[in-house]
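Observations on the model geometry
One-letter residues, chain by chain:
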Amino acid sequence: IAERRRHILPIRAGDRAVGQLVVVRRRGTRPLGERDGRFLGVVATQLASLAERAELQRHATEAEVLRQANELKTALLNAVSHDMRTPLASIKASAGSLRQRDVAWTDADRDEFAQAIEQQADRLDRIVANLLDLSRMEAGALRPQRALHDVGTLVEDVLERLHEQTAQHPVVVSIAEDLPPVSLDYVEIDQVLSNLVENAAKYAPAGTSIDIAARRVGDEVEIAATDRGPGVPADAVSRLFEPFFRVRQSGGGPAGLGLGLAVAKGLVEAHGGQISVRARAGGGARFAFTLPLAPSAPTAEPTSRAS
């Protein structure tokens, strides 16, 4: 009896059956007529259209994922073949020179070779660290190990470590004296600020200043790095924090993978903050990121000092 009350229509997408529309009449209702059959046919056609559209969307999504994966693979191969081989070649050349016994190198020469090895090793270390952080972000495995830290101390540590990179730039620091400790992963936020300072030092002309500032904005602390470089073209702002994206400049511009800003964005967002860039009045760029503050943190006024 139940079979007599059941009406089945196939749902087809093109020549393929993708499902069935099953209608069961309630007991005591009239049999389905021709008009009911036409209506159910229209419903089945609409369901087939939705199923086909969903499948096309799935295929488009898979194709986009494959395209992005291929771009990432290409970028990584380029990184290994060029950006990582360049410092390796410099290290090998300097080490080879140090091993030459038929040349009477002076102490100054040896110091220069050793310094080149150290600098290029640091460059390799930064490249590897950025690649590892990028892979952790892609895998969703980024988990900041938070503790309360003083922002002023963090800024001082970064600038001390990057003293050579910023040697051609006066650095002006402006930090609120009573800025409260911030809950953050010290290593990760150190890397964020380091990437911003290095970026400013690479693109700003020698002799121009780099400004580092930290202030409270509502329930957040804002840390900013401002330079007097060429700035960021308006059409590049939306892509500036994408992995491997680099702004094209006449003469090629400084070497790099285009990973520093992408990694900084991921690390800041993992802390619940945001990072942004805007043009600086008079030329240059201002990169700023925010980190959440405890609501009870006191407000403070900034003081300035130069380093």
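Description of the structure in this document. (Residues numbered from 1 in each chain as written. Predicted model: local features only at pLDDT ≥ 70, side-chain atom pairs only at ≥ 80, totals over all residues. Heavy atoms only, no water.)

**Digging into the pairing of strand E9 (residues 285–292)**
Within E9, 7 of the 8 residues are buried, leaving the element largely enclosed by the surrounding structure. Pairing analysis gives 7 bridges linking strand E7 (residues 220–226) to E9, with the strands arranged antiparallel. Looking at E9, one finds that Glu-222 is bridged to Thr-290. Summarising the sheet, strand E8 (residues 275–279) and E9 pair through 5 bridges and their orientation is antiparallel. (Buried < 20%, exposed > 50% of the residue type's maximum accessible area, 1.4 Å probe, protein only. Helix = DSSP H or I, 4+ residues; strand = E, 2+ residues; numbered from the N terminus. Pairing = 2+ DSSP bridges.)

**A look at the pattern of salt bridges**
Applying the stated criterion to the full structure yields 9 salt bridges. Here Glu-222 and Arg-215 are joined by a salt bridge, their closest N and O atoms 2.9 Å apart. You can call Glu-222 buried: its relative accessible area is 12%. Exposure remark for Arg-215: the relative accessible area of 43% places this residue in the partly exposed category. Note that Lys-265 and Glu-269 form a salt bridge whose closest N and O atoms lie 2.8 Å from each other. Of this pair, Lys-265 and Glu-269 are both found in helix H6 (residues 260–270), 4 residues apart, which corresponds to roughly one turn of the helix. Ionic contacts of the salt-bridge type, sharing partners, join the residues Glu-55, Arg-58 and Glu-62 into one network. (Salt bridge = Lys/Arg side-chain N within 4 Å of Asp/Glu carboxyl O.)

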